[in-house]
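Chains, contacts and geometry: an overview
Read off the chains here:
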Amino acid sequence: MVPRGYSSLTIFYCKSFFVDLIIWRKMRMDYKAQVTNSILSVLNGELTSADIYEKLEQPKTLAMGDLAFPAFVLAKVFHKAPNQIAADLVEKIDQASYEKVEAKGAYINFFLDKGKVASNVLTTIIEEGSTYGQNENGKGGNVPIDMSSPNIAKPISMGHLRSTVIGNSIANILRKNGYHPIKDNHLGDWGTQFGKLIVAYRKWGNEDDVKKDPINNLVKYYVKFHQEDKAHPELDDEARETFKKLEDGDKEEVELWKWFRRVSLESFNKIYDKLGVKFDTYNGEAFYNDKMDEGINILKDKGLLVESQGAQVVNLDKYDLNPALILKSDGATLYITRDIATAIYRDRTYQPAMNLYVVGSEQTYYFKQLKAVLLEMGLHSAANLHHIPFGLITVNGKKLSTRSGRIILLDEVLNDAIELAEQQIAEKNPDLENKEEVAKQVGVGAIIFGDLKNERTNNIDFVLEDQLKFEGETGPYVQYSHARAESILRKAGSLNFHTADKALDDPSAWETITALNEFPGIVESACKDFEPSEIAKYSLRLAKAFNKYYAHSKVLVKDDKLGARLGLVKAVSIVLKEALNLLGVQAPDAM
RNA sequence: GUCGCAAUAGCUCAGCUGGAUAGAGCAACGGUCUUCUAAACCGUAGGUCGAGAGUUCGAAUCUCUCUUGCGACACCA
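Residues numbered from 1 in each chain as written. Chains lettered and ligands numbered in written order. Predicted model: local features only at pLDDT ≥ 70, side-chain atom pairs only at ≥ 80, totals over all residues. Heavy atoms only, no water.

Taken together, 62 residues are adjacent to RNA strand B, and Tyr107, Leu325, Lys328, Glu473 and Lys544 come closest. Atoms of RNA strand B within 4 Å of the protein: sugar and phosphate make up 60%, bases the balance. A distance of 2.7 Å separates a sugar or linking oxygen of RNA strand B from a polar atom in the side chain of Glu285. In the environment of RNA strand B, a sugar or linking oxygen lies 2.8 Å from a nitrogen or oxygen atom belonging to the side chain of Asn454. Secondary-structure elements contributing two or more residues to the surface near RNA strand B are α4 (72-78), β3 (107-112), β7 (311-314), α15 (335-350), α16 (364-377), α17 (410-428), α20 (475-492) and α22 (532-552). Grouping the constituent residues of the surface near RNA strand B by class yields 25 nonpolar, 16 polar and 21 charged. (Near = heavy atom within 4 Å. Polar contact = N/O pair within 3.5 Å; in protein donor to acceptor, adjacent residues only side chain to side chain. Helix = DSSP H or I, 4+ residues; strand = E, 2+ residues; numbered from the N terminus. Nonpolar A, V, L, I, M, F, W, Y, C, P; charged D, E, K, R; others polar.)

Structure below.
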């Protein structure tokens, strides 16, 4: 879409400008390319530049250099021992632009010019500020994200945390990569359970209780219904009739449903506020309830819908999948029928570059089927549908379930974390301003970070004390590192890092500088993999390097490198804050 | 039963498209606050990378078999 007032020529110009900017930046920051050229120039075409680039690796420790080329690959060509090849090549390489280049075993280790790199990296970060690491790979493409999706009249548990927090972080990462994410809370706000709920409310509920504590009371009615219907099966018939009335638009039932939905959403929003997560849309199942015919008709028109044991299914043999059941034998719709309607709606409304579903890994097979059906239907965005699975949360190895009482309320966990953060502040920094706000940021940050730091698909056995850790590899650790950086900058007062010579060649700062330089690449990779944990792990690496640095070298010493050191501290603060923000975690300036 | 995912230090996990002595964090033990906030830093100890075979100059990483655990297997969502 071309905005009014901009000619396509302008757009073209902007685009090419961006491309140039990216290439230019990469040339400046991509030391791998520099090393590739150095090696290429001493070979006689035995390897292409792509071969070399691909083979370059990062040594295990910085003591072994910044980039290394393993000479094994040349052993066959030269008919010599890799060690010898490495030694020979080092003799020929022009070392002028490096600190040093040395052969160690079969490896050629390149040590970059620390002063020059530091100057480049720090200048870039301070100039670009929070936009450091931003790229335009997404070209503004829309990306609806199906996430969170709690059920109306049921509490939000730790299980919902994962979808919410992962989806939110992926949205942030997408934006950083030039996409336009659309966070959609696909509420479970329709279905026969509302018949049950309305019946239960009328029998055992009252308005005041629901107003006082909506979720807990609604759940109570719902649970009671399930206890009672064992002895009184006629309740189920009543519930079915009530839901039918609701579907037919009966005024009283619709009013009740709207009310339940509204109070549930109000209570959900309190938790979302605490988490700092906002949604763009709340198009739940009810929203799609009247939009299912179109999908069914497309399937019919294309001859994809066939009868099987009385039900309507789509055969998916050619995808090596079981048939997808679209309509029940009584003609009723199913989960997938609504998801088809949803996909059509999103396809038409957003023309998505990608279509993301942040849903538990137990639904992996289902999403394969959904994607296959949409591909068969010829939906444009079907090929770019990605299920983003995440691991199960269990308690003592068992699945959470409301009925069996194995439920962990997210709100309680968040409150526990905030309370603990308050205690810590009272102990460690009692004079802190806006304690409550910081306690919230730290407590909630610990929970969010704890969820995001490991690979998405890992299962988590919930142990409260594991969640409430503020030491070691945790959110508060990264927040603390950022707060310390800010504290140093405050103490520096009017001393300016902008005018400083950034040629910091202090070896103790090198680990931090190389970490800073990695950020843009991590941003791209995390986007490609839909993996917030890459950002979380990166932030830990940077925080660790910085903590080590300032524990061993004093920043605020008046010498000719003071400006450079302040530049480093400023850059660390910028990047740590941005990394945390990508995870959806706040970065207080003091804690 | 079929398919999918996992198995790395006491615990929780990293380990990028195969590469140099397998790394963190907790927990344990020991050190560092009159010097930019000790939510930190430094050190010690801790491992047949589930088992076996194969591919390779080289395997925690790739292939196969097996074991164990978790999940999914149409009229729930």
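Our next topic: the packing of aromatic side chains. Going through the model one piece at a time under the given rule, you end up with 19 aromatic pairs. Between Trp190 and Trp257 the ring centres are 5.3 Å apart and the planes differ by 85°, which places this aromatic pair in the edge-to-face class. Taken together, the residues Trp190 in the loop between β5 (180-185) and α8 (193-204) and Trp257 in helix α12 (residues 251-275) connect sequence positions 67 residues apart. The exposure class of Trp190 is buried, given its relative accessible area of 10%. (Phe/Tyr/Trp six-rings, centres within 6.5 Å; stacked < 30°, edge-to-face > 60°. Buried < 20%, exposed > 50% of the residue type's maximum accessible area, 1.4 Å probe, protein only.)

Moving on, we get to the confidence of the model for chain A. In the predicted model, chain A carries a mean pLDDT of 90, and the fraction of residues at 70 or more is 94%. Long-range and interchain partners of residues 1-28, a stretch whose pLDDT sits below 50, account for 10 contacts in this model, where long-range means more than four residues apart. (pLDDT = per-residue confidence, 0-100. Contact = heavy atoms within 4.5 Å.)

It is worth spelling out α17 at this point. For α17, built from 19 residues, the straight-helix expectation of 27 Å at 1.5 Å per residue is met to within 8% by its first-to-last C-alpha distance of 27 Å. Within the span of α17, buried status applies to Leu410, Val413, Leu414, Ala417, Ile418, Ala421 and Ile425. Buried residues along α17 cover an arc of 135° about the axis, so they all sit on one side. Across α17 from its buried face, at more than 90 degrees, point the exposed residues Ala426 and Glu427. Buried positions along α17 lie against α7 (158-176), α12, α18 (435-452) and α19 (464-467). (Expected span 1.5 Å × (residues − 1). Arc of directions from axis to C-beta.)

This brings us to the nonpolar core. Core analysis: the biggest nonpolar cluster contains 148 residues, and Ile108, Leu174, Leu275, Leu356, Ile513 and Leu516 have the highest contact counts within it. Of the residues forming this core, the biggest block, 14 residues, is contributed by helix α23 (residues 562-583). Shared between two domains, this core holds at least three residues of each, these being domain 1 (8-112) and domain 2 (193-275). Contact partners of Leu516, with chain neighbours within four places excluded, come to Val121, Leu122, Ile125, Tyr132, Tyr538, Leu542, Leu568, Ala571, Val572 and Val575. In terms of nonpolar packing, the next biggest core, distinct from the first, is built from 26 residues, Ile296, Ile326, Ile336 and Leu385 among them. (Core = buried A, V, L, I, M, F, W, Y, C linked by side-chain atoms within 4.5 Å. Domains from an automatic or database assignment.)

Here we take up a positive patch on the surface. A surface patch of like charges, here positive, comprises Arg484, Arg490, Lys491 and Lys554. Tracing the backbone through its elements, the reader meets Lys491 in helix α20. (Patch = residues over 30% accessible without salt bridge, like charges linked within 9 Å, V, L, I, M, F, W, Y side chains within 5 Å. Areas by Shrake-Rupley, 256 points an atom, 1.4 Å probe, with all protein chains shown as cover. Salt bridge = Lys/Arg side-chain N within 4 Å of Asp/Glu carboxyl O. Lys, Arg positive; Asp, Glu negative; His and termini not counted. Charge placed at Lys NZ, Arg CZ, Asp CG, Glu CD.)

Tracing the chain through its elements places Asn547 in helix α22. Relative accessible area serves as the criterion here: at 13%, Asn547 is assigned to the buried category. Side chain to side chain, Asn547 and Ser481 meet in a polar contact 3.1 Å long. Among all residues touching Asn547, those that are not within four sequence positions of it are Tyr477 and Ser481.

As for its placement among the helices and strands, Tyr31 is situated in helix α2 (residues 31-40). Residues Tyr31 and Asp66, spaced 35 residues apart in sequence, show a C-alpha to C-alpha distance of 9.2 Å. Leave out the neighbours within four places in its chain, and Tyr31 touches Leu67, Leu112, Val117, Asn120 and Asn517. Side chain to side chain, Tyr31 and Asn120 meet in a polar contact 3.4 Å long.

It is worth spelling out the sheet that holds β5 at this point. Strand order in the open sheet formed by four strands is β5-β4-β9-β10, and the pairing between neighbours is parallel. Of all the strands in the sheet, the pair left with one neighbour each is β5 and β10 (385-388). Ignoring strand direction, the axes of neighbouring strands in this sheet form an average angle of 20°. Relative to β10, strand β9 (residues 355-358) runs parallel, the two being bridged by four bridges. Within the sheet, the bridge partner assigned to Val358 lies in β10 and is Ile388. Taken strand by strand, α16 contacts β9 and β10, and its axis lies near 175° from that of β10. (Pairing = 2+ DSSP bridges. Axes fitted to C-alpha atoms, helices over the stretch in contact; angles between N-to-C directions.)

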